[in-house]
Amino acid sequence: MPNRAGGKALKVLAGLNGEALTPAQVRNADIPLCQLHAQTDLKASPALVAFYGQINRKESNAQKRRARLAAFDEIAAAAFTREYREQEQEKNGYRRPACTAFAVLADVCEAGRAAKIVMSSDGGEMRAILAQVEDWQALPIEALEHALESGVIFPLAEKPLTVEVLDGLAARLTHGENLARQLALALPENAEFESLQALCWAQALSLAAMRSFDWASGKNDPSVGGLSRPETPPKEGAPGEKGGEMPDVGFALVRCFARIETAALPLFYTLQILSEENAALLPPMHRWGLYCVWALDALDAGKPQEYLALLRKGLAACPGQKEMVQFLLGRFLEDARPKAAPKLLALAERVRTILAACGPNDPAARAVRESSACKQVAWIIEETPGLPVQ
């Protein structure tokens, strides 16, 4: 855009009567302000400050004012996305990211604070700006991503947040490269949480990462980003993880979730309710967390039958986790059976042969299924682990 025409546009935009604008008109005005900043040498900051002051003027109809500001935030947030920032660099006349135009509004709106954050490389400065955030939903999530990737510890000790806010932020971090997943998997195995806020944030990240994982297809992306912690070899006799290799992402997420639940559940609930008898009284995800902890403890103790039984009970108590349970059973099929001791494999083959020779209603088959030998190897010979042998 030529500077002369751009200068005229800035004067017009700066002089608009904000109270008379509809949300659509606010969007239409916000876009050229960003473009002038990104594609010309003109100083768009004064016009942007004046424009924001106009649409933010208090009036008798507070609802209209909120609608104008929401439209402004919508356009501002779009300018921060990675896709837009990559596309705008390909445009003729590109000089700087459009989102940086909002930095002049750092004292009055979240888009301004976000711009200051993404333009900074100083952790202390980013922390100070995050401490000023008033509406976390309005803050472009890319700003928080930049701060977290720069090593800023979050949430801020001096700015405690509600569980709803933490859950919302974690869910928003699952877009793109899924920073929520990266941060969850980067938690050390023996993590000690400095505060309940830190624990709730870890829990929010873990839940967001699990909810965004495609359990049905079991997609396994071993490239989980530079924030992931180095994996340690699995414990001896703990099927479900590939020895010497990085565990698949899905199983690692379940491990992470169970570790966090192990730390959280005793703090949130009494020991009386953390029992199988009273598990139904827990909220669904904590109920599932309890069964996950028990199941993985059994797996690590080399008790595959107990592991499968607990997954089966967990599914009955939490039907909504069907896809995750099926995923875990699939991993068990793939990894656990080949690792069974040779004696167990031989016993399983003998039991399978006997059952195959008997008819479905043969009393001998029933006797075999009820024998201690069959129960010992049931997890090896079952077509669907965790279900009764037919």
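All figures in this text were calculated on a predicted structure; none of them were measured in a lab.

About the cut-offs
- Residues numbered from 1 in each chain as written.
- Predicted model: local features only at pLDDT ≥ 70, side-chain atom pairs only at ≥ 80, totals over all residues.
- Heavy atoms only, no water.
- Helix = DSSP H or I, 4+ residues; strand = E, 2+ residues; numbered from the N terminus.
- Buried < 20%, exposed > 50% of the residue type's maximum accessible area, 1.4 Å probe, protein only.
- Contact = heavy atoms within 4.5 Å.
- Areas by Shrake-Rupley, 256 points an atom, 1.4 Å probe, with all protein chains shown as cover.
- Phe/Tyr/Trp six-rings, centres within 6.5 Å; stacked < 30°, edge-to-face > 60°.
- Salt bridge = Lys/Arg side-chain N within 4 Å of Asp/Glu carboxyl O.
- Core = buried A, V, L, I, M, F, W, Y, C linked by side-chain atoms within 4.5 Å.
- Axes fitted to C-alpha atoms, helices over the stretch in contact; angles between N-to-C directions.
- Left-handed = near helix turned anticlockwise from the far one by under 90°.
- Nonpolar A, V, L, I, M, F, W, Y, C, P; charged D, E, K, R; others polar.
- Expected span 1.5 Å × (residues − 1).
- Patch = residues over 30% accessible without salt bridge, like charges linked within 9 Å, V, L, I, M, F, W, Y side chains within 5 Å.
- Lys, Arg positive; Asp, Glu negative; His and termini not counted.
- Polar contact = N/O pair within 3.5 Å; in protein donor to acceptor, adjacent residues only side chain to side chain.
- Parallel < 35°, antiparallel > 145°, perpendicular 65-115°, else oblique.

A. Quick peek at the overall build of the protein. Across its full length, the protein carries 18 helices and 0 strands. Expressed as a percentage of the 390 residues in the protein, the buried residues total 45%. Residue pairs at least 24 apart in sequence account for 67% of intrachain contacts in the protein once pairs closer than 6 positions are excluded. Summing over all exposed atoms, the protein offers an accessible surface of approximately 19900 Å²; the carbon and sulfur share of this is 53%.

B. Spatial organisation of the packing of aromatic side chains. Tallied over the full model, the rule gives 11 aromatic pairs. Arranged with centres 5.6 Å apart and planes meeting at 90°, the rings of Phe 72 and Phe 102 form a pair that is edge-to-face. Of this pair, Phe 72 sits in helix H4 (residues 62-80) while Phe 102 sits in the loop between helix H5 (82-88) and helix H6 (110-118), and the two are 30 residues apart along the sequence. As far as the burial class goes, Phe 72 and Phe 102 line up, both buried. Geometrically, the ring pair formed by Phe 268 and Tyr 269 is edge-to-face, given 6.5 Å between the ring centres and 80° between the ring planes. Residue class for Phe 268 comes out partly exposed when judged on its relative accessible area of 31%.

C. Local environment of the pattern of salt bridges. Counted according to the given criterion, the structure contains 9 salt bridges. A salt bridge links Arg 113 to Glu 110, with the shortest nitrogen-to-oxygen separation between them at 2.9 Å. Taken together, the positions of Arg 113 and Glu 110, both in helix H6 and 3 residues apart, correspond to about one turn of that helix. For Arg 113, a relative accessible area of 4% translates into the label buried. When its relative accessible area of 6% is taken as the criterion, Glu 110 is described as buried.

D. Structural detail: the nonpolar core. Counting residues in each nonpolar core, the largest one holds 106 residues, and the members touching the most others are Phe 72, Phe 102, Leu 130, Phe 154, Trp 201, Trp 288 and Tyr 307. Broken down by element, the residue count for this core peaks at 11 residues, all from helix H12 (residues 249-268). Val 351, Ala 365, Val 368 and Cys 374 belong to the second-largest nonpolar core, a separate cluster that totals 7 residues.

E. Highlighting the packing of helix H2 (residues 23-39) against H4. The interhelical angle for the contact between H2 and H4, taken along N-to-C directions, is 35°, at an axis separation of 8 Å. Considering only the axes of H2 and H4, their crossing is right-handed. Of the residues in H4, those touching H2 at Pro 23, Val 26, Arg 27, Asp 30 and Ile 31 are Ala 67, Arg 68, Ala 71, Phe 72, Glu 74, Ile 75 and Ala 76. Class assignment for the residues of the contact of H2 with H4 results in 8 nonpolar, no polar and 4 charged.

F. Representation of unusual backbone geometry within the structure. The peptide bond linking Phe 154 to Pro 155 adopts the cis configuration, its omega dihedral lying at 0°. In this fold, Pro 155 is placed in the loop between helix H8 (141-149) and helix H9 (163-172). Within the chain, Asn 178 stands out as a residue other than glycine whose phi angle is a positive 55°.

G. Representation of the environment of Arg 255 in the model. Summarising the element assignment, Arg 255 is placed in helix H12. With 49 residues separating them in the primary sequence, Arg 255 and Ser 206 have C-alpha atoms 9.9 Å apart.

H. Broad picture of H2. Taking 1.5 Å of rise per residue, 17 residues should cover 24 Å, and H2 covers 25 Å from first to last C-alpha, within 8% of that figure. The complete set of buried residues in H2 reads Val 26, Ala 29, Asp 30, Pro 32, Leu 33, Cys 34, Leu 36, His 37, Ala 38 and Gln 39.

I. Seen up close, a nonpolar patch on the surface. On the surface, Leu 196, Leu 267 and Phe 268 cluster together into a nonpolar patch covering about 290 Å² of accessible area. Of note, Leu 267 is situated in helix H12. A residue is classified by how much of its surface remains accessible, and Leu 267, at 57% relative accessible area, is exposed.

J. Layout of the side chain of Glu 142. By the secondary structure assignment, Glu 142 is in helix H8. An unpaired buried charge is present at Glu 142: no salt bridge exists, and Arg 172, the closest side chain of opposite charge, is 6.0 Å distant.

K. How the structure looks around H4. Helix length check: H4, at 19 residues, gives a terminal C-alpha distance of 27 Å against a target of 27 Å (1.5 Å per residue), a fit within 8%. Along H4, the positions that sit buried rather than exposed are Arg 68, Leu 69, Ala 71, Phe 72, Ile 75, Ala 76, Ala 79 and Phe 80. Next to the buried residues of H4 lie H2, helix H3 (45-55), H5, H6 and H8. With a side-chain oxygen lying 3.2 Å from the backbone nitrogen of Gln 63, the N-terminal cap of H4 falls on Asn 61.

L. Examining the packing of H6 against H8 more closely. Direction vectors running N to C along H6 and H8 enclose 30°, while the axes themselves pass 9 Å from each other. Considering their axes alone, H6 and H8 lie roughly parallel with respect to each other. Of the two possible hands of crossing, H6 and H8 adopt the one that is left-handed. Between H6, through Ala 114, Ile 117 and Val 118, and H8, the contact on the second element is made entirely by Glu 142, Ala 143, His 146 and Ala 147. Taken together, the residues that form the contact of H6 with H8 break down as 5 nonpolar, 1 polar and 1 charged.

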